[in-house]
Amino acid sequence: MVDLALTENLVAHTRVAVLRRFGRSDSRFRGLTLAAALLVVAIFIGIMISLIGGSWLALSTFGFGFLTSTAWNPVTEKFGAGAAIYGTLVSSALAMIIAVPLGIGIAIFLTELCPRALKRPIGTAIELLAGIPSIIYGIWGLFIFAPYFQQHVQPWLIDFFGNVPLLQDLFAGPPYGIGMFTASLILSIMILPFISAVTRDVFETVPTALKESAYSLGCTTWEVMWRIVLPFARSGVVGGAMLALGRALGETMAVTFVIGNAHRINESLFAPATTISATIANEFTEALGDLYVSSLIAIGLILFGITFIVLASAQIMLRSLERRAGGRAS
Amino acid sequence: MNRAIYARRRLVNRTFLTLSVAAAGIGILALALILGALLLNGVAGLSPTLFTLDTPAPGSVGGLANAIAGSLLMSSMAVLIGTPIGILAGTYLAEYGRHSWLAFIVRFVNDILLSAPSILIGLFIYELLVVRMGHFSAWAGMAALAVIVIPVVVRTTENMLLLVPNTLREAAASIGAPRAISIRAVTWRAARAGIVTGVLLAIARISGETAPLLFTALNNQFWSTNLNAPMASLPAMIFTFANSAYDDWHRLAWAGALLITLAVLTLSIVARFLESRQR
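These lines cover the structure that appears in this document, whether it is placed above or below. Since we're looking at a predicted model, the values are computed, not measured.

Cut-offs used in this document
Here the residue numbering is sequential within each chain, running from 1 through the sequence in written order. Labels are handed out in written order, letters beginning with A for the chains and numbers beginning with 1 for the ligands. Local features are withheld for residues below a pLDDT of 70 in this predicted model, meaning they are given only at 70 or higher, and side-chain atom pairs are given and counted only at 80 or more; totals for whole chains, interfaces and linings count all residues. Note that the side-chain values use all heavy atoms of the structure and ignore hydrogens as well as water. The way it works is that DSSP assigns letters per residue, a run of H or I at least four long becomes a helix, a run of E at least two long becomes a strand, and they are numbered from the N terminus. Radius of gyration: C-alpha atoms only; globule rule: 2.2 Å multiplied by the number of residues to the exponent 0.38. By the convention used here, residues are in contact when the closest approach between their heavy atoms is within 4.5 Å. Using a 1.4 Å probe, accessible areas were evaluated by the Shrake-Rupley method; residue-level cover was limited to the displayed protein chains. A simple rule labels every residue: compare its accessible area, found with a 1.4 Å probe on the protein chains alone, to the largest value its type can have, and call it buried under 20%, exposed over 50%, or partly exposed in between. Put simply, a nonpolar core is a bunch of buried Ala, Val, Leu, Ile, Met, Phe, Trp, Tyr and Cys residues held in one set by side-chain atoms that sit within 4.5 Å of each other. To obtain an axis, a line is fitted to C-alpha atoms, over the contacting stretch when the element is a helix, and the angle between two such axes runs from 0 to 180 degrees between their N-to-C directions. Here the word oblique covers every angle except those under 35 degrees (roughly parallel), over 145 (roughly antiparallel) and from 65 to 115 (roughly perpendicular). Throughout, a crossing is termed right-handed when the near helix is turned clockwise from the far one, and left-handed when it is turned anticlockwise from it by less than a right angle. Just so you know the grouping, Ala, Val, Leu, Ile, Met, Phe, Trp, Tyr, Cys and Pro go in nonpolar, Asp, Glu, Lys and Arg go in charged, and all remaining residues, Gly too, go in polar. One less than the number of residues in a helix, times 1.5 Å, gives the span that helix is expected to have. When two components associate, each loses some accessible surface as probed by a 1.4 Å sphere; the sum of these losses over both components is called the buried area. Any carboxyl oxygen of Asp or Glu within 4 Å of a side-chain nitrogen of Lys or Arg constitutes a salt bridge here. Pairs of N or O atoms are called polar contacts if they sit within 3.5 Å, as long as, within protein, a hydrogen donor faces a hydrogen acceptor (for residues adjacent in sequence, only side-chain-to-side-chain pairs).

## Quick notes on the overall build of chain A
For step 1, the next point in the chain: Scanning chain A for helices and strands turns up 13 helices and two strands.
For step 2, the next point in the chain: Relative to the compact-globule value of 20 Å for 330 residues, chain A shows a C-alpha radius of gyration of 27 Å, a clear excess of over 25%.
For step 3, the next point in the chain: Principal-axis analysis of the C-alpha atoms gives chain A an extent of 110 × 70 × 35 Å.
For step 4, the next point in the chain: Taking contacts inside chain A between residues at least 6 apart in sequence as the whole, the part at least 24 apart equals 75%.
For step 5, the next point in the chain: With an accessible surface of roughly 15,300 Å², chain A has 67% of that area assigned to carbon and sulfur atoms.

This is the structure in structure tokens:
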């Protein structure tokens, strides 16, 4: 009797101890995951602080003029972000003009036209394009694409647009091979898979009944895509395009190889130019003097600001879509 | 009149559908051209000495041994540092945070980091480590790569944990398993293939990263295992060699490019296979 009570007491005791231990390890594990999650936020804030801190010298020296000035002279220590911002925006915009229609075209092909057996292999092949590291695009662009472009395409384009007003200025000058246009073409190949993957995914969320009712009214495939599917999937397509734009704006290695690195704003798309990331990649390790380094970090801060806005709006669009899709499912 | 409209609509339809087939063709052609050029130029540079000799001075015989070793070392360390953090943070988002405002912020920031320009991560580590230590180092390179690993792992871990059916969690709770044990022994195990996918994708992502290494680990022409000194890496070596004026350096750059691409494509195909099994 006494023995039994003692054992029971002991069991209860150990049970309490075990439960307490469980509780402790539970809260420790929870704390650990929370700390890791907070670290992600800390990294983000750290990037922001280090960019602002590093660019302080340049921004306080040049003021707001830094944004628009196109001077970039390490000798006289006069720096401005104008040419780099221009190159970044123009090369990305051009890449988008090429890649968005192509990406949507690929998505249409994959969802509507492609034979079922080929769907996966072709889809995978396009997505593999996204996996190829940007330095590979760079070396391919420099050694293979640019020389070919210079010899076979550029002279023809220059001749062709030679007498067309407006366009003759865009496609003017000697065919260097490298330059803004080449960089944009390479960029467009790189971001193509991002656009087509997101677009295909949202195309597949379009209710079949909607498409079928359009077909039953006698719409052609194209009319269904253009009037029904695309409007329905609009925010997803725009979100995917923004995501791709974010990539294009910050793309470094591929662009560095083929853009020519000239701090000039030139009307002609065939002329060498530069982007923010290409400038940093090329000049950072060789930059002498605090002001030079600080100016490079300052254009990095500008790039951070631009990509943040683009990526944040991409997320907002894709999130709202997710919520819509989730809402329908439940 | 009606017939004209029909003909026009049919023409428009056919034109645009042809264009979309052409778009897919362009995409595949681009992939084929890039892979073809890599094989054609890269295979010429492949030789046993590629893996045994260090990077040469222009004109002499050499390989990429130091760059390969540097890349392997820095990437694996970055994965070792970044993976646990990424898995834990992803676990917080999927298991504890879910709909809290903190989880919302972490998710938002993580997705920005996922697509943020990697060169900015290089600048961040430069300010954080290189400036303070006073010199470039392999440590800084690892840190920069680890910062790239984390968001990739967080994203896939969260997605894969959310695929685990709630009944499994409830079953674990019903037999009295505390939350931490149920997560580690049940949810993680159920999502293992998916989490491994994330890690593989992260490795694929960093093995080609160049920009964040340029001013953290810098580069090194010689064999070095000193983590406190600049270290060579394949991508940085390709950048240097491709921009040089020497043909033998160009050959090595192509060989290095082929190695990286083979590694990355293999990893992403294995990851894709694992992911389809998880779903």
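## Brief notes about the overall build of chain B
For step 1, the next point in the chain: The helix and strand inventory of chain B stands at 12 helices and zero strands.
For step 2, the next point in the chain: Listing every helix and strand of chain B by position from the N terminus yields α-α-α-α-α-α-α-α-α-α-α-α.
For step 3, the next point in the chain: Relative to the 2.2 N^0.38 estimate, which gives 19 Å for 279 residues, the radius of gyration of chain B is 24 Å and therefore markedly larger than a compact globule would have.
For step 4, the next point in the chain: Seen through its principal axes, chain B has C-alpha atoms that stretch 75 × 65 × 35 Å.
For step 5, the next point in the chain: By residue count, 55% of the 279 residues in chain B fall in the buried class.
For step 6, the next point in the chain: Of all intrachain contacts in chain B linking residues separated by at least 6 positions in sequence, the fraction that spans at least 24 positions is 75%.

## With respect to the nonpolar core
For step 1, the next point in the chain: By size, the foremost hydrophobic cluster in this structure holds 168 residues, and its most contacted members are Tyr 137, Phe 181 and Phe 284 of chain A.
For step 2, the next point in the chain: In terms of residue count, helix H6 (residues 138-163) of chain B provides more of this core than any other element does, 15 residues in total.
For step 3, the next point in the chain: In this structure Phe 181 of chain A touches Leu 94, Phe 149, Leu 157, Phe 171, Leu 269 and Phe 270 of chain A, once residues within four positions along its chain are discounted.
For step 4, the next point in the chain: Membership of the second largest hydrophobic core comes to 16 residues, among which are Ile 104, Val 202, Phe 203 and Val 206 of chain A.

## Points about the packing of helix H7 (residues 180-203) of chain A against helix H10 (residues 234-250) of chain A
Residue and element names in this part refer to chain A.
For step 1, the next point in the chain: Relative to each other, H7 and H10 sit at 155°, their axes nearing to 8 Å. Classed by the angle they form, the pair H7 and H10 counts as roughly antiparallel. The chirality of how H7 crosses H10 is right-handed. Contact with H7, carried on its side by Leu 187, Ile 191, Phe 194, Ile 195, Val 198, Thr 199, Val 202 and Phe 203, involves Gly 236, Val 237, Gly 240, Ala 241, Ala 244, Arg 247 and Ala 248 of H10 and no other residues of that element.
For step 2, the next point in the chain: Residue composition of the contact of H7 with H10, grouped by class: 11 nonpolar, three polar and one charged.

## Points about H6 of chain B
Since there are 3.6 residues in each turn of an α-helix, residues three or four apart along the chain are aligned in direction.
For step 1, the next point in the chain: With 26 residues, H6 of chain B should reach 38 Å at 1.5 Å per residue; the first-to-last C-alpha distance of 37 Å fits that figure.
For step 2, the next point in the chain: Most of H6 of chain B sits out of view: 21 of its 26 residues are buried.

## Let's talk about the side chain of Ser 75 of chain B
For step 1, the next point in the chain: If you trace the backbone, Ser 75 of chain B turns up in helix H3 (residues 65-97).
For step 2, the next point in the chain: Not counting residues up to four positions away in its chain, the partners in contact with Ser 75 of chain B are Leu 145 and Ile 206 of chain B.

## Considerations on the interface of chain B and chain A
For step 1, the next point in the chain: In this complex, chain B contributes 81 residues to the contact, which on the side of chain A involves 76 residues.
For step 2, the next point in the chain: Here chain B packs against chain A, burying approximately 7,000 Å² in sum over the two surfaces, 81% of which is carbon and sulfur.
For step 3, the next point in the chain: Remark: the boundary between chain B and chain A carries three salt bridges.
For step 4, the next point in the chain: Counting every contact that joins chain B to chain A gives nine residue pairs in polar contact (both at pLDDT 80 or more).
For step 5, the next point in the chain: It is helix H1 (residues 2-45) of chain B that provides the largest number of residues to the side of chain B that touches chain A, a total of 20 residues.

## A word on the pattern of salt bridges
All names here are of chain B.
For step 1, the next point in the chain: Counted under the stated rule, the structure contains 11 salt bridges over all chains.
For step 2, the next point in the chain: Across the salt bridge formed by Glu 158 and Arg 155, the nearest N and O atoms sit 2.9 Å from each other. Here Glu 158 pairs with Arg 155, and both are found in helix H6, just three residues apart, close to one helical turn.
For step 3, the next point in the chain: For Glu 158, a relative accessible area of 4% corresponds to the buried category.
For step 4, the next point in the chain: Among the residues examined, Arg 155 registers a relative accessible area of 18% and is labelled buried.

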